[in-house]
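# Structural characterization, general
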Amino acid sequence: EAGVAQSPRYKIIEKRQSVAFWCNPISGHATLYWYQQILGQGPKLLIQFQNNGVVDDSQLPKDRFSAERLKGVDSTLKIQPAKLEDSAVYLCASSLGLGNTDTQYFGPGTRLTVL
Amino acid sequence: AQSVTQLGSHVSVSEGALVLLRCNYSSSVPPYLFWYVQYPNQGLQLLLKYTSAATLVKGINGFEAEFKKSETSFHLTKPSAHMSDAAEYFCAVRDDYKLSFGAGTTVTVRA
C-alpha cells in the first residue's frame with residue numbers, strides 16, 4: 001500500500017514570496033491533516049479535512065495560509081506572502097476517519113526555508 | 001485541552017542498554033495516547049497507541065509503553081537499544097479529534 005505522498009521535499013524562497021505544497025493521502029482515507037513542525041518542536045496541527053470539508057482550522061494563520069482539498073482526495077497548502085518564521089517542515093497526514101483511535105499516517109514532509 | 005509533557009529533550013544510551021523515554025499527560029478523562037518516531041528527513045511513524053484495552057502496550061521494533069493512571073504517565077521503554085533506534089520520539093494525545101504532540105526527545109545511541 002502506498003503511503004502519504006508530498007511534494008516538493010525541499011523549498012527555499014525569499015520572504016514575501018508565495019509557495020504551495022501538495023499532498024496525496026493514502027487511498028480511501030477520508031481525513032487529511034496539515035501540520036507545521038518548527039525545528040526543535042513537536043508538530044502543530046494547522047488544518048484538518050474530512051473528505052473535502054474543513055473540520056478544524058483554528059490554528060491556521062488565515063491572513064497568509066490557505067488550504068483546499070478539492071474532490072476529497074489531494075490537498076494543497078499555500079503560504080502567501082511567506083515570513084521568516086514560516087521556516088519549518090510541513091507534514092501531511094491521513095487517517096481512515098475521525099475516530100480517536102484511528103491511526104494517522106504521515107508523509108515525509110516538505111522542508112521550507114524562508115530567507 | 002489535553003496535553004502531554006515529555007521529560008528530557010535528549011537521551012543518550014549505550015548500545016544494548018535500556019531506553020526509557022518519559023511522557024506525562026494532563027487529562028480529566030481517559031486519554032488516547034500515542035508514541036511516534038521520526039527518523040532524520042522522514043515523516044512520523046506510529047510506534048504504539050493506548051486505547052484503554054490494556055495498560056501495557058507493545059509496539060513495533062521492540063518498544064512498549066505502560067499506561068499508569070495514578071502517575072498520569074505513558075513512558076516508552078525498550079530493553080536493549082540498537083544503533084537503529086537513534087531518532088526523535090514524540091508522545092501525543094488525541095483530544096477532540098486532534099493530535100497534540102509533546103516537544104520530542106532525541107535519542108542517540110553510543111557504540
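## With respect to the overall build of chain A
Helix and strand counts for chain A stand at zero helices and eleven strands. Going from N to C terminus, chain A has its helices and strands arranged as β-β-β-β-β-β-β-β-β-β-β. Radius of gyration (C-alpha) of chain A: 13 Å, near the 13 Å computed for a compact globule of 115 residues. A total of 115 residues make up chain A; the buried ones form 45% of that total. On chain A, roughly 5500 Å² of surface is accessible, and the fraction owed to carbon and sulfur atoms is 51%. Here chain A contributes 12 positively and 10 negatively charged side chains, and the mean placements of these two sets differ by 7 Å.

## Brief notes about the overall build of chain B
Helix and strand counts for chain B come out as zero helices and eleven strands. Helices (α) and strands (β) of chain B occur, in sequence order from the N terminus, as β-β-β-β-β-β-β-β-β-β-β. In terms of overall dimensions, chain B is globule-like: its C-alpha atoms have a radius of gyration of 13 Å, near the 13 Å expected for 111 residues. Across its three principal directions, the C-alpha atoms of chain B cover 40 × 25 × 20 Å. Per-residue burial over chain B gives 44% buried out of 111 residues. A separation of at least 24 residues holds for 55% of the contacts in chain B among residues at least 6 apart in sequence. Surface summary for chain B: the accessible area is close to 5200 Å², and the carbon and sulfur share equals 51%. For chain B, the centre of its 9 positive side-chain charges and the centre of its 8 negative side-chain charges are spaced 2 Å apart.

## Topic: the nonpolar core
Counting residues in hydrophobic clusters, the biggest one holds 27 residues, and the most contacted among them are B:Trp35, B:Phe74, B:Leu76 and B:Tyr89. Residue assignment for this core shows that the elements contributing at least two residues are strand S2 (10-14), strand S3 (19-26), strand S4 (32-38), strand S5 (44-50), strand S7 (64-68), strand S8 (73-78), strand S9 (87-95) and strand S11 (105-110) of chain B. Apart from residues no more than four positions distant in its own chain, B:Tyr89 is found in contact with B:Gln6, B:Leu21, B:Trp35, B:Tyr36, B:Val37, B:Leu47, B:Phe63, B:Leu76, B:Gly104, B:Thr105 and B:Val107. In this structure, A:Val4, A:Val19, A:Leu77 and A:Leu112 belong to the second largest nonpolar core, which totals 21 residues.

## Notes on the state of the cysteines
All names here are of chain A. Tallied over the full model, the rule gives two disulfides over all chains. Note on cysteine connectivity: Cys23 is disulfide-linked to Cys92, with sulfurs 1.9 Å apart. Residues Cys23 and Cys92 are joined by a disulfide whose S-S torsion is about -70°; by sign, that bridge is left-handed. In this pair, Cys23 sits in strand S3 (residues 19-24) while Cys92 sits in strand S9 (residues 88-95), placing the two residues 69 residues apart along the sequence. With relative accessibility at 0%, the residue Cys23 sits in the buried group.

## Description of the sheet that holds S8(B)
All names here are of chain B. The five strands are arranged S1-S3-S8-S7-S6 in an open sheet whose pairing can be described as antiparallel. Of all strands in the sheet, those bounded by a partner on one side alone are strand S1 (3-7) and strand S6 (56-58). Across the sheet, the axes of successive neighbouring strands diverge by a mean angle of 20°, strand direction being ignored. Pairing analysis gives five bridges linking S1 to S3, with the strands arranged antiparallel. Bridge pairing in S3 places Gln6 opposite Cys23.

## Considerations on the interface of chain A and chain B
Taken together, the 25 residues of chain A in the interface contact 19 residues of chain B. Buried surface at the junction of chain A and chain B, summed over both partners, amounts to about 1800 Å²; 49% is from carbon and sulfur atoms. Sorting the residues of chain A by area buried against chain B places A:Asn100, A:Thr101 and A:Phe106 first, and these three jointly supply 29% of that buried surface. Linking chain A with chain B are one salt bridge. With a shortest N-O distance of 3.4 Å, B:Lys98 and A:Asp56 are connected by a salt bridge. Taken together, the links from chain A to chain B amount to six residue pairs in polar contact (both at pLDDT 80 or more). Contributions of two or more residues to the side of chain A that touches chain B are made by strand S4 (31-37) and strand S5 (44-50) of chain A.

What counts and how
Residues numbered from 1 in each chain as written. Chains lettered and ligands numbered in written order. Predicted model: local features only at pLDDT ≥ 70, side-chain atom pairs only at ≥ 80, totals over all residues. Heavy atoms only, no water. Helix = DSSP H or I, 4+ residues; strand = E, 2+ residues; numbered from the N terminus. Rg over C-alpha atoms; globule rule 2.2 N^0.38 Å. Buried < 20%, exposed > 50% of the residue type's maximum accessible area, 1.4 Å probe, protein only. Areas by Shrake-Rupley, 256 points an atom, 1.4 Å probe, with all protein chains shown as cover. Lys, Arg positive; Asp, Glu negative; His and termini not counted. Charge placed at Lys NZ, Arg CZ, Asp CG, Glu CD. Contact = heavy atoms within 4.5 Å. Core = buried A, V, L, I, M, F, W, Y, C linked by side-chain atoms within 4.5 Å. Disulfide = S-S within 2.5 Å. Pairing = 2+ DSSP bridges. Axes fitted to C-alpha atoms, helices over the stretch in contact; angles between N-to-C directions. Buried area = accessible area lost by both parts, 1.4 Å probe. Salt bridge = Lys/Arg side-chain N within 4 Å of Asp/Glu carboxyl O. Polar contact = N/O pair within 3.5 Å; in protein donor to acceptor, adjacent residues only side chain to side chain.

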